[in-house]
Amino acid sequence: VQLQASGGGLVQAGGSLRLSCAASGSIFSINRMGWYRQAPGKQRELVAAITSGGSTNYADSVKGRFTISRDNAKNTVYLQMNSLKPEDTAVYYCNALVLDAPPFSYWGQGTQVTVSS
């Protein structure tokens, strides 16, 4: 599985950005796709995820502001980020989880999101 992320950038607080993650390769094996982020000096954290069945979950800090979705025809997952805050500033990583034995994660390259106050 290969993941190609795009869509980061610089935005003012209150603004919006949309991240995209295009998957290729053995995409049939993917059980869940998600977005993680890592701010300087902090651990990487799950932001949002969507399963192959369409179930979604979000970090409490982004609920009501971020929306994860997918386009199966394009093998692409999106993260729509609205009402951005300076604390959303981080490198965002696309992730694909394969629930094999053992489970395995694939990672895309990070994309920087910077929210200015």
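Residues numbered from 1 in each chain as written. Predicted model: local features only at pLDDT ≥ 70, side-chain atom pairs only at ≥ 80, totals over all residues. Heavy atoms only, no water.

Trainee: I'd like a rundown of the state of the cysteines, residues and numbers included.
Mentor: Applying the stated criterion across every chain, the model contains one disulfide. Between the sulfur of Cys21 and that of Cys94 lies a disulfide, 1.9 Å long from S to S. What sets the handedness of the Cys21 and Cys94 disulfide is the S-S torsion sign, and at about -80° it is left-handed. Of this pair, Cys21 sits in strand S3 (residues 17-24) while Cys94 sits in strand S9 (residues 90-98), and the two are 73 residues apart along the sequence. There is no split in this pair, since Cys21 and Cys94 are both buried. (Disulfide = S-S within 2.5 Å. Helix = DSSP H or I, 4+ residues; strand = E, 2+ residues; numbered from the N terminus. Buried < 20%, exposed > 50% of the residue type's maximum accessible area, 1.4 Å probe, protein only.)

Trainee: Which residues make up unusual backbone geometry, and what values do they have?
Mentor: Note: most residues except glycine have negative phi, and most peptide bonds are trans. Each neighbour pair has its own omega, and for Ala101 with Pro102 the value is 0°, a cis peptide bond. Tracing the chain through its elements places Pro102 in the loop between S9 and strand S10 (104-107). A positive phi angle is found at Asn75, which is not glycine, with a value near 50°. Position of Asn75 relative to the elements: it lies in the loop between strand S7 (66-71) and strand S8 (76-81). Classification of Asn75 as partly exposed rests on a relative accessible area of 31%. Even without being glycine, Ser83 reaches a positive phi, approximately 50°.

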